Structure formats: structure tokens, C-alpha cells
Amino acid sequence: MYISNIGTLWQLADAHAGRLAGPAMASGIIPVRNAWLRVDGDRIAAIGSMDDFVPGTEEVFDARGASVFPTFCDSHTHIIYAGSREGEFLDKIAGLSYEEIARRGGGILNSADRLHQASDNELLADALGRAQLMMSRGTGAFEVKSGYGLNTADELKMLRVAARLAQEVDADVKITFLGAHAVGREFTGRQADYVDMLIADMLPAVAAEGLAEFVDVFCDEGFFTPDETSRILEAAARYGMRPKIHANELACSGGVQVGVAHNALSVDHLERMGTDEIELLKTSSTIATMLPGASFFSNLPYAPARKAIDAGLAVALASDYNPGSSPSGDMRMVWALGCIKMRLLPVEALAACTLNGAAAMDLAATNGGIAPGRKASLIISPVNINYIPYAYTEPWISKVMLRGRFV
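My aim in this report is to walk through the structure given alongside it, one point at a time. This is a predicted model, so every value here is computed, not measured.

### Some remarks on the overall build of the protein
Next up, step 1: A count of helices and strands for the protein gives 16 helices and 16 strands.
Next up, step 2: Here the protein has a C-alpha radius of gyration of 21 Å; the compact-globule value for 407 residues is 22 Å, and the two agree.
Next up, step 3: Once the C-alpha set of the protein is aligned to its principal axes, its extents read approximately 70 × 45 × 45 Å.
Next up, step 4: Contacts in the protein between residues at least 24 apart in sequence constitute 73% of all its contacts with a sequence separation of at least 6.
Next up, step 5: Accessible area for the protein stands at about 15,000 Å²; split by element, carbon and sulfur atoms hold 50% of it.
Next up, step 6: Averaging the locations of the 35 positively and 48 negatively charged side chains of the protein gives two centres separated by 3 Å.

Put into C-alpha cells, the structure is as follows:
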């Protein structure tokens, strides 16, 4: 089929780009005016000017002058969970910090208790509802983590649900093992023993079923140390799992350093990232992934995206969709926060939410950009790129196409 009469098509300047860094985040996605686009199966087959449009007998969708963008690539979510944590929302309003809520038995352990009681089918139904909402709001690829199991059986339960979810949705899904999200209750006060168990029991079990491509560790103050993180990443590497780790959300934790040392695909959060971490990331291929929704909802500092891009880094933005610190997977809001709070240009924030998010999931060869040969996953909108983050609450999406089909 063809999409005709596109007012502005936001196309990759380099069809083979694997990420956009520094100044290229503003110049690597270019506006093509008065365009058409041809879809063949799940791929973009061709792009051209309406001046020479000859559709033949194929179906034509008239965009009527709309803008066409790539769908979002959300590289950090925790959408498999049971129930909610709105009670902790009241604790946040009362002034309790993330760490204080965790010390009181809330946070991740609260979600682990709820997940233990939920059936696989209940978890799948809830996650599917969240995923469908994300896709309706323009997300065409996303990552999903475990981490609310915290014992071998429940971590496997989460990952099996994630695998079923990936088969049910039109979006592309990547799966991450996050057994080191917190210390399970039965190991309270025995963190070293928990790490030993994760390496000896959890990792082999996950690998035996081929349930996860990536491994994650919450390397931060009050959670896992750089040394513990390094041990886990070394063990995971023996099973072919590449790191995508939580780092520097709560403190300058050494998470960026251990991530770079282990060739992490991304280091995520980075609210406390300083100049030393930026300079280190410049020497690596690791994507700096920032989660402005968590900063917004949890009253954390915003990660220094402007400073990182000005230094030449590739920055991705993701939702951190989870029940405690960022209960939203709406990448429209993430794009807007990237502009409003992080001072990114709209096109820079678009690059961070699309191609660089795809790169942070090892999907950049096919996702996150508009060019022939890439996935036909598109957003059609009647408004222009600058209006979107400006009018951040307006429902600006008129159509979403995933893998060549309107959804």
C-alpha cells in the first residue's frame, strides 16, 4: 500500500544509521516535504515526492498533509506486575523518599509480594492491557524486564509471561532478566548470599529456557554494589546475556563505570550523572538512557541530557513504566519532558525516543527510523513537530501503523 500526500515525512538522513550522537541528534532526522511512502509487508519499500506519484493498483491511504514520524522505541519498562502501588503515592506526597519507602517494606518488595500471588494468565492479561495502551500512543518497540520475582520460580514466571506477551503484540519486544532488582525477602540481611544464589541458580535456569537476551542489575546506593554488579555481569556473559543496567538514579554509584567496563548496551536512569561519567561514556559504545517520567513522578533530578548531547553522547529517552516510580508508558509525555525539562530540541528528543531507543535494545538496524528497508512502524499526526511537545496534553496522534498494518 501507499501513504500519499504526506506534508512532512521525518526520514533518517542516513538510512543505515545505528544511533545519533551529539549534533547528529538534531540533524540526523530530516524533514521531507510533500512525500509518499510505499509499504510492502512489514517494511518500508520506497519513499518519493508527490510530484512523481504513480500508485498503480495498490491501496492508497491519503495522509491529507499530515506529518509522519517513526514509532517510539521504549527501551526501559517494567510492565509485568500485579496490582498497583497507589498507597506509596500517598507516602511520596507526604515526603518519603524512594529509599525510605523501600526500607519500610514497600517499593520493589511490595510488587514482589503481589506478583507471587498472581497467576501467569493474570499477569499476561494485565501486561497486555498496558502494552496495548502503549502501542495506541505510538510505541512500536519496547523492552520488558523481570525483577519483581526475586526468587528463581517467580523470576522464571515473569520471563515466561514476557515471552508470551511478545507473541501477542504487534510491537517488537526485547526481554531483560533483572533478578538483581532488590534482595528477596527470604535473604533479608544476606545480600551476598542472594547474589550467590542468583549466579548459581537463577542465571542457569533463565539461560536454559532462553528467556532473556539482556541482563540488568540495580547498581545504586542501598541496592547492589559495583563489585556485586560486576560478578553478576561476568556470570551472565557466559550465557551470552549483554548488560543493560540501572545506574546513578539515587547516587553516583559507580554504575556507569561498571557498565562501560562490561560493554553494556545501555546504562539507564543517570539522574546523578556527572562530568566524569559523561567523559567515560564518550569513550564507549554504551547508550546513555534517561527516564524523565521517573524524575517527574518521583521528584528526582532530571538527568543531564542537554549536557550529554553537547558533549557528543548518544542519548535515549525511555518511560521506565513501572508501578512505583513511573506508572506511565506514554512516550508522548517522555518526548515532551525531554524538551520542557531537559532542554532538548523537539527533533533531538524525537531521535532520543526513536532511533537511540532502538539502539539501546539492539534493534536499530530495523526500528526507530523511516527509511527503505526498515520496519513500517509509523505515527501519523495532523500537527507539526514543534507543536507536539508544546501542546503536551493534546491527543496529537491520528493513526499508528505497526509492522505495516494500521492498529
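Okay, back to it.
### Points about the pattern of salt bridges
Next up, step 1: Inspection of the entire model under this criterion finds 17 salt bridges.
Next up, step 2: Asp42 serves as the salt-bridge partner of Arg43, at 3.4 Å between the closest nitrogen and oxygen.
Next up, step 3: Its relative accessible area of 29% is what places Arg43 among the partly exposed residues.
Next up, step 4: On the accessibility criterion, Asp42 (29% relative accessible area) is partly exposed.
Next up, step 5: Residue Asp170 pairs with Arg405 through a salt bridge whose shortest N-O separation is 2.8 Å.

### Comments concerning the pairing of strand β2 (residues 29–40)
Next up, step 1: Sheet analysis places strand β1 (residues 2–12) next to β2, joined by eight bridges and oriented antiparallel. Counted as the bridge partner of Thr8 is Arg33 from β2.
Next up, step 2: Of the pairings in the sheet, the one linking β2 to strand β3 (residues 43–49) comprises six bridges and is antiparallel in character. Residue pairing for β3: Arg38 is matched across the bridge by Ala46.
Next up, step 3: Linking two consecutive strands that pair antiparallel, namely β2 and β3, is a turn of two residues; a positive phi of about 65° is found at Gly41 within it.

### Quick look at the sheet that holds strand β8 (residues 172–180)
Strand pairing in a sheet relies on backbone hydrogen bonds, with the paired strands running either antiparallel or parallel.
Next up, step 1: The sheet built from eight strands is open, its strands ordered β6-β7-β8-β9-β10-β11-β12-β13 with parallel pairing. Looking at the sheet topology across the chains shown, the edges are occupied by β6 (72–74) and β13 (315–317). Within the sheet, the average angular offset between the axes of one strand and its neighbour, ignoring direction, is 25°.
Next up, step 2: The pairing of strand β11 (residues 266–269) with strand β12 (residues 287–290) spans four bridges and is classified as parallel. Bridge pairing in β12 places His269 opposite Met290.
Next up, step 3: Its contacts with the sheet place helix α6 (residues 152–168) against β7 (139–145) and β8, and it is angled at close to 175° to β8.

### What to know about the environment of Gly373
Next up, step 1: The residue Gly373 is located in the loop between α15 (355–359) and β14 (378–381) in this model.
Next up, step 2: C-alpha separation for the pair Gly373 and Ala46, spaced 327 residues apart in sequence, amounts to 8.1 Å.
Next up, step 3: Contacts of Gly373, omitting those with residues within four sequence positions, involve Arg43 and Ile44.

### Some remarks on the packing of aromatic side chains
Next up, step 1: Under the definition given, this model contains 15 aromatic pairs.
Next up, step 2: Positioned above the aromatic ring of Tyr81, the side-chain terminus of Arg130 is 3.5 Å from the ring centre.
Next up, step 3: For Lys399, the ring lying beneath its charged end belongs to Phe406, and the centroid distance is 5.2 Å.

### What to know about unusual backbone geometry
A negative phi angle is the norm for most residues apart from glycine, just as the trans form is the norm for most peptide bonds.
Next up, step 1: Positive phi outside glycine occurs at Asn34, with the angle close to 50°.
Next up, step 2: Note that Asn34 resides in strand β2.
Next up, step 3: Of note, the phi angle at Asp362 is positive, near 60°, even though the residue is not glycine.
Next up, step 4: Tracing the backbone shows Asp362 in the loop between α15 and β14.

### Observations concerning the nonpolar core
Side chains of nonpolar character tend, in soluble globular proteins, to be buried together.
Next up, step 1: Membership of the largest hydrophobic core comes to 120 residues, with the highest contact counts inside it found for Met290 and Trp335.
Next up, step 2: When residues of this core are assigned to their parent elements, the largest contribution, nine residues, is made by helix α7 (residues 191–208).
Next up, step 3: Excluding its chain neighbours within four sequence positions, the residues that come into contact with Met290 are His269, Leu270, Met273, Ala303, Pro304, Ala305, Ala308, Val315, Ala316, Leu317, Ala318 and Met342.
Next up, step 4: Core analysis: the next-biggest nonpolar cluster, separate from the first, contains 16 residues, Met1, Ile6, Ile370 and Ala376 among them.

### A look at a nonpolar patch on the surface
Next up, step 1: On the surface, Phe89, Leu90 and Ile93 cluster together into a nonpolar patch covering about 320 Å² of accessible area.
Next up, step 2: Position of Phe89 among the secondary structure elements: in helix α2 (residues 86–93).

### As for the environment of Asn384
Next up, step 1: Along the chain, the position of Asn384 falls in the loop between β14 and α16 (387–390).
Next up, step 2: Sequence-wise, Asn384 and Trp396 are twelve residues apart; in three dimensions their C-alpha atoms are separated by 9.5 Å.
Next up, step 3: From its side chain, Asn384 meets the backbone nitrogen of Asn386 in a polar contact 3.0 Å long.
Next up, step 4: In this structure the side chain of Asn384 is engaged in a polar contact, spanning 3.0 Å, whose partner is the backbone nitrogen of Tyr387.

### Quick word on the side chain of Lys174
Next up, step 1: Tracing the backbone through its elements, the reader meets Lys174 in strand β8.
Next up, step 2: Here Lys174 falls in the buried class, since its relative accessible area comes to 12%.
Next up, step 3: A polar atom in the side chain of Lys174 sits 2.9 Å from the side chain of Glu213.
Next up, step 4: Not counting chain neighbours up to four residues away, the residues in contact with Lys174 comprise Phe142, Glu143, Val144, Glu213, Phe214, Met361, Asp362 and Leu363.

### Some points on the side chain of Ser230
Next up, step 1: Inspection of the secondary structure assignment puts Ser230 in helix α8 (residues 226–237).
Next up, step 2: Taking the relative accessible area as the measure of exposure, Ser230 reaches 16% and is therefore buried.
Next up, step 3: Those residues within four positions of Ser230 in sequence are excluded, and the remaining contacts are Val258 and His262.

Criteria and cut-off values
Residues numbered from 1 in each chain as written. Predicted model: local features only at pLDDT ≥ 70, side-chain atom pairs only at ≥ 80, totals over all residues. Heavy atoms only, no water. Helix = DSSP H or I, 4+ residues; strand = E, 2+ residues; numbered from the N terminus. Rg over C-alpha atoms; globule rule 2.2 N^0.38 Å. Contact = heavy atoms within 4.5 Å. Areas by Shrake-Rupley, 256 points an atom, 1.4 Å probe, with all protein chains shown as cover. Lys, Arg positive; Asp, Glu negative; His and termini not counted. Charge placed at Lys NZ, Arg CZ, Asp CG, Glu CD. Salt bridge = Lys/Arg side-chain N within 4 Å of Asp/Glu carboxyl O. Buried < 20%, exposed > 50% of the residue type's maximum accessible area, 1.4 Å probe, protein only. Pairing = 2+ DSSP bridges. Axes fitted to C-alpha atoms, helices over the stretch in contact; angles between N-to-C directions. Phe/Tyr/Trp six-rings, centres within 6.5 Å; stacked < 30°, edge-to-face > 60°. Lys NZ or Arg CZ within 6 Å of the ring centre and 35° of its normal. Core = buried A, V, L, I, M, F, W, Y, C linked by side-chain atoms within 4.5 Å. Patch = residues over 30% accessible without salt bridge, like charges linked within 9 Å, V, L, I, M, F, W, Y side chains within 5 Å. Polar contact = N/O pair within 3.5 Å; in protein donor to acceptor, adjacent residues only side chain to side chain.

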